[in-house]
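# Close look at the chain arrangement
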Amino acid sequence: MSNWLQKAKYFALFVSGLTLVACNADMETAQIVDKDEVATTAVPPTAVATSTLSPTASPTGTVVPTPTATSTATPIPTATITPAPKLANPQPSLADLQEYLVNVPVRFFSEHEQSTFMVEDYFQETPLSPNTEVSYQDLNGDGIDDIIIYELNSPISWGWGRLIVMIWQESGYSDPLLVVGHAKYDPRHRFFLEDWTGDGNREVIYDFQSGTGGPGYIEVARTRYVIHCREQCDVAWSQVTGIQEHYYTVSRKRVTIERIMQDEIPSLSVLTESFHGPLLQDILSDRYDPHFQVLTSTLEFYSWQETRFVLVESQILSEAHDSQFEPVWAATNQFGVEARLTMGFSEPVFGRPIYVCTLHTGNNWAGEPFDCNPGFTVVEWRDITGDGREEIVVTTLAYDKQRLLAFHWHGVEATQIADVAGDIIRSDLFGVALEDVDGDGRLEIVAGKFDWGEPSFCRVYEDIYPDPVEYCWQDWIFAEEIYKWNGVAYSKQD
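An account of the accompanying structure is given in this report. (Residues numbered from 1 in each chain as written. Predicted model: local features only at pLDDT ≥ 70, side-chain atom pairs only at ≥ 80, totals over all residues. Heavy atoms only, no water.)

What follows concerns the sheet that holds strand 30 (residues 401–409). Strand order in the open sheet formed by four strands is 28-29-30-31, with antiparallel pairing between adjacent strands. In this open sheet, the two edge strands, each paired with only one partner strand, are strand 28 (378–382) and strand 31 (414–423). Direction aside, neighbouring strands of the sheet carry axes that sit 20 degrees apart on average. Where strand 28 lies against strand 29 (residues 391–398), five bridges are found, and the strand directions are antiparallel. Note on strand 29: the bridge partner recorded for Glu 380 is Val 393. (Pairing = 2+ DSSP bridges. Helix = DSSP H or I, 4+ residues; strand = E, 2+ residues; numbered from the N terminus. Axes fitted to C-alpha atoms, helices over the stretch in contact; angles between N-to-C directions.)

Next comes the structure, spelled out in structure tokens:
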């Protein structure tokens, strides 16, 4: 059965009533069959046969009375004891793992419910794939290796990432804890070990990336799971840690996690900021409204309480609001010279509409046409180099970037001195800005930068494309770049 059919079948079973036993609110998981307990099956008593002694001939001919029939007691069978399946091999093969997993319920973590359920027959429907890998690590500080099973499947379309954790308990492994992330396309994941609870033992930190999309948008989301292990393993905290959306618009959810100590208790400080930009294809429609929707910014504090991080405080830093913009298409300097913009429309590229703007000074054309969003485009005269003369400055929006162009005006013509594009990385629409960074009286151009970190957790997949393909995890990095005036133009600083 194909992977997507397997997942569809499992999902249908899950929704239509797959036997689930909910955990208590404090995440103490209800057990169907604990490995240290047994299921006692009563066997009905067997019918007891009666024996009759036949009369025997007396050598003297005297009639011997027939003894009364007596019953012979047959022992009643005792209840049979069927131990739960146990994985007793400390370092099992992939085949051993599959054979074990198809015969036991799994402790399935539900991100939506933030709790764990027991699920029967999960691995009969979705068995381990050839991409499965195994790592042995001591996760609870007892000096004995435990097991982490991880798998990334079908990274091209409708795939998943799975992490399974089991603790070694004397003579076998504990019930498996299963964390699953699904993606329409391009799933990626990684895990690492780090002490988040301050007890000297490391938690399993599992990051999963999912991609989805539809007409007009592509969305990539990342979720983090913190798995704490002692006698068994549980998800101690999980949350979406970032969303990137682009195509006809730009939207970002940025979550900053800081581990802190509050009153000598390990805690998490979680800052969430997000915004959503306008849809580009609406520019020529009557409903077009140039604004950014800035969503509520929150600061949350989670405190460690025995087995998990619990929300203890939530602060609203800013309420949701719309940031309205007024485009400026023409401006005049102190000498009466007008700088104005005109807009044109080009053919769509990959289904996306492209709008281009052109700068004119007087009767002259200045520079090449550039991508623009008319509702977020401004032209102005401003002295940015500190020489006492005003330059022409144009700022605009193009998809998920903000762009700044600057021109020297020589009285009869304009010379371009800057063309800087910055990724929009903050809810105040910061993608590019003019600031005096070093205090020398001249303005620098500061550009937001959304970048990818160094590749890690790389895996090569042989059976996805005609040629092998490598998939890696890369952190999302938000930074700033500085462009400084050098007397001729603005150049990027190292």
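From this point, the discussion proceeds with the structure in view.
Before going further, it helps to spend a moment on the pairing of strand 14 (residues 185–194). Of all the ten residues making up strand 14, seven are buried; the element is thus mostly covered by neighbouring parts of the structure. Inspection of the sheet shows strand 14 paired to strand 15 (residues 203–214) by eight bridges, in the antiparallel sense. Its bridge partner lying in strand 15, Leu 193 is registered against Val 204. (Buried < 20%, exposed > 50% of the residue type's maximum accessible area, 1.4 Å probe, protein only.)

Let us now look at the nonpolar core. Core analysis: the biggest nonpolar cluster contains 21 residues, and Leu 97, Tyr 122, Phe 123, Ile 164, Met 166 and Leu 178 have the highest contact counts within it. Counting residues per element, the ones that place at least two in this core are helix 2 (94–101), strand 6 (106–110), helix 3 (122–125), strand 9 (146–153), strand 10 (159–166) and strand 13 (177–183). Sequence-distant contacts of Ile 164, that is, excluding residues within four places in its chain, are made with Leu 101, Phe 123, Leu 128, Ile 147, Ile 148, Ile 149, Pro 176, Leu 177 and Leu 178. Among the nonpolar cores identified, the runner-up in size contains 20 residues, and Leu 139, Val 179, Val 204 and Tyr 225 belong to it. (Core = buried A, V, L, I, M, F, W, Y, C linked by side-chain atoms within 4.5 Å. Contact = heavy atoms within 4.5 Å.)

So, about unusual backbone geometry. Not every positive phi belongs to a glycine, and Asp 121 is a case in point at roughly 65 degrees. If you trace the backbone, Asp 121 turns up in the loop between strand 7 (115–119) and helix 3. By relative accessible area, which is 38% here, Asp 121 ends up partly exposed. Its identity as a non-glycine residue notwithstanding, Phe 457 has a phi of 50 degrees, on the positive side. Mapped onto the fold, Phe 457 is located in strand 34 (residues 456–461).

Turning next to the state of the cysteines. Under the defined criterion, the tally for this structure stands at three disulfides. Bridging Cys 229 to Cys 233, the disulfide has an S-S length of 2.0 Å. The S-S bond linking Cys 229 to Cys 233 shows a torsion near 110 degrees; that makes this disulfide right-handed. Residue classification places Cys 229 among the buried positions, given a relative accessible area of 1%. Under the relative-accessibility criterion, Cys 233 is labelled buried at 2%. Paired through a disulfide, Cys 458 and Cys 472 show a sulfur-sulfur distance of 2.1 Å. One quick way to see it: the torsion about the S-S bond of Cys 458 and Cys 472 is about 115 degrees, and its sign makes the bridge right-handed. Here the residue Cys 458 occupies a position in strand 34, and Cys 472 occupies one in strand 35 (residues 469–473), the gap between them amounting to 14 residues. Given a relative accessible area of 29%, Cys 458 falls into the partly exposed group. Disulfide connectivity for the protein, with bonded cysteines indexed by sequence position, reads 1-2, 3-4, 5-6. (Disulfide = S-S within 2.5 Å.)

Interpretation note: all reported values are geometric properties and have no functional meaning in isolation.
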